[in-house]
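# Understanding the architecture of this molecule
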Amino acid sequence: MPHTNDASPTNAQPGQAANAVQGLSDTELDRIRWRAHALWREDGCQQGRDREYWERAELEVLKGRRSY
């Protein structure tokens with residue numbers, strides 16, 4: 001995956017980082033990160049689409065999330 005990930009909490013604009021990870025566990029963030037990387041590789045390692053891969057991975061991971 002590229003070195004920068006515009007959608008990752010570390011590269012978000014001030015104020016966005018808290019919103020981006022609010023309510024997500026470390027495990028969920030790891031799953032999202034791994035899935036985004038897999039999507040990127042499956043798509044031929046295209047640069048400049050970090051946010052798209054992150055958002056797709058986030059939707060996939062959080063779809064399986066249970067609400068209690």
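The structure presented is a predicted model; accordingly, all values stated were derived computationally and were not measured.

### Digging into the confidence of the model for the chain
Across the chain, pLDDT averages 76, with 65% of residues at or above 70. Mean pLDDT across the elements of the chain ranges from a minimum in helix α1 (residues 16–21), with 48, to a maximum in helix α2 (residues 26–42), with 94. This model gives residues 2–19 a pLDDT under 50, and the stretch forms 18 contacts once residues within four places in sequence are excluded.

### Observations regarding the pattern of salt bridges
Considering all chains together, one arrives at 6 salt bridges under this definition. When the shortest N-O distance is used, the salt bridge between arginine 33 and aspartate 30 registers 2.8 Å. In this pair, arginine 33 and aspartate 30 both sit in helix α2, 3 residues apart, roughly one turn of the helix. Aspartate 30 sits in the partly exposed class, given a relative accessible area of 38%. Across the pair glutamate 52 and arginine 49 runs a salt bridge, and its minimum N-O distance is 2.7 Å. One connected set of salt bridges, linked through shared partners, spans Asp43, Arg49, Glu52 and Arg56.

### A short note on the nonpolar core
Of all hydrophobic cores here, the largest spans 10 residues; its members are Leu24, Leu29, Ile32, Ala36, Leu39, Trp40, Tyr53, Trp54, Ala57 and Val61. Only α2 and α3 (50–63) provide two or more residues apiece to this core. Residue contributions to this core peak at 5 residues, all from α2.

### Details of α3
In a regular helix each residue adds 1.5 Å, so 14 residues correspond to 20 Å; α3 covers 20 Å between its end C-alpha atoms and thus fits that length. Burial in α3 covers these residues: Asp50, Tyr53, Trp54, Ala57 and Val61. Buried residues along α3 cover an arc of 95° about the axis, so they all sit on one side. Among the exposed residues of α3, those pointing more than 90 degrees away from its buried face are Leu59 and Lys63. Tucked inside the fold, the buried residues of α3 contact α2.

About the cut-offs
Residues numbered from 1 in each chain as written. Predicted model: local features only at pLDDT ≥ 70, side-chain atom pairs only at ≥ 80, totals over all residues. Heavy atoms only, no water. pLDDT = per-residue confidence, 0-100. Helix = DSSP H or I, 4+ residues; strand = E, 2+ residues; numbered from the N terminus. Contact = heavy atoms within 4.5 Å. Salt bridge = Lys/Arg side-chain N within 4 Å of Asp/Glu carboxyl O. Buried < 20%, exposed > 50% of the residue type's maximum accessible area, 1.4 Å probe, protein only. Core = buried A, V, L, I, M, F, W, Y, C linked by side-chain atoms within 4.5 Å. Expected span 1.5 Å × (residues − 1). Arc of directions from axis to C-beta.

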